Amino acid sequence: MQYTGYIVLKHYDKDTKPINTKERLHDTIFLKPEMDIRQKTDNTPEIIPIYTSQKDAEADAEWWPAHTNEDYGVVKKVTITIEEETYNTIESEKKVLNDLIEKNPKDNQFYKDELKEISWYNKD
């Protein structure tokens, strides 16, 4: 499945260099202050905000450089591909419960009951 959205990039001081690497993307991605998105030590944001509305993305692109002639914002259309599942909390819980049942052969009824509670979920 594919999903289309928009990202806002910020350029400072008449910057016209292309955005053609992950590092350059991380340097230029606009992170709204109110989102409180932290950046790791290598400038990689925890989350890359993808706007679902082009209009909202354009509004933020206009907003942040509002007080200067040398800075500007750009909106890029992006498509993400949603691929295979890489983690599932229920599958993880089943594994933990089965491990606990195995480690506690005498006193494990609680774990068995919990496992039964999530038996409705079938990954297939």
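All right, on to the environment of Ala61 then. By secondary structure assignment, the location of Ala61 is in helix α2 (residues 54-63). Distance in space between the C-alpha atoms of Ala61 and Lys116 is 51 Å, their sequence separation being 55 residues. Beyond its immediate sequence surroundings of up to four residues, Ala61 is in contact with Val8, Gly73, Val74 and Val75.

In this section: α2. Among the residues of α2, Ala57, Asp60 and Ala61 are the ones counted as buried. All buried residues of α2 fall inside an arc of 105° around its axis, so they share one side. Across α2 from its buried face, at more than 90 degrees, point the exposed residues Lys55 and Glu62. Where the residues of α2 are buried, they touch β1 (2-11) and β2 (72-81). Capping of α2 at its N-terminal end is provided by Ser53; its side-chain oxygen lies 3.3 Å from the backbone amide nitrogen of Lys55.

Here we take up the pattern of salt bridges. A side chain with one charge may pair with a side chain of the opposite charge, provided their charged atoms come close. Tallying each qualifying case throughout the model produces two salt bridges. Put simply, Arg24 and Asp15 hold a salt bridge, and the shortest N to O gap is 2.6 Å. Accessibility assignment for this pair places Arg24 and Asp15 in one class, buried. In this structure, Lys95 and Asp99 form a salt bridge, with 3.3 Å as the shortest nitrogen-oxygen distance. Of this pair, Lys95 and Asp99 both sit in helix α3 (residues 89-103), separated by four residues, roughly a single helical turn. Among the residues examined, Asp99 registers a relative accessible area of 31% and is labelled partly exposed.

So, how was this worked out
Residues numbered from 1 in each chain as written. Predicted model: local features only at pLDDT ≥ 70, side-chain atom pairs only at ≥ 80, totals over all residues. Heavy atoms only, no water. Helix = DSSP H or I, 4+ residues; strand = E, 2+ residues; numbered from the N terminus. Contact = heavy atoms within 4.5 Å. Buried < 20%, exposed > 50% of the residue type's maximum accessible area, 1.4 Å probe, protein only. Arc of directions from axis to C-beta. Polar contact = N/O pair within 3.5 Å; in protein donor to acceptor, adjacent residues only side chain to side chain. Salt bridge = Lys/Arg side-chain N within 4 Å of Asp/Glu carboxyl O.

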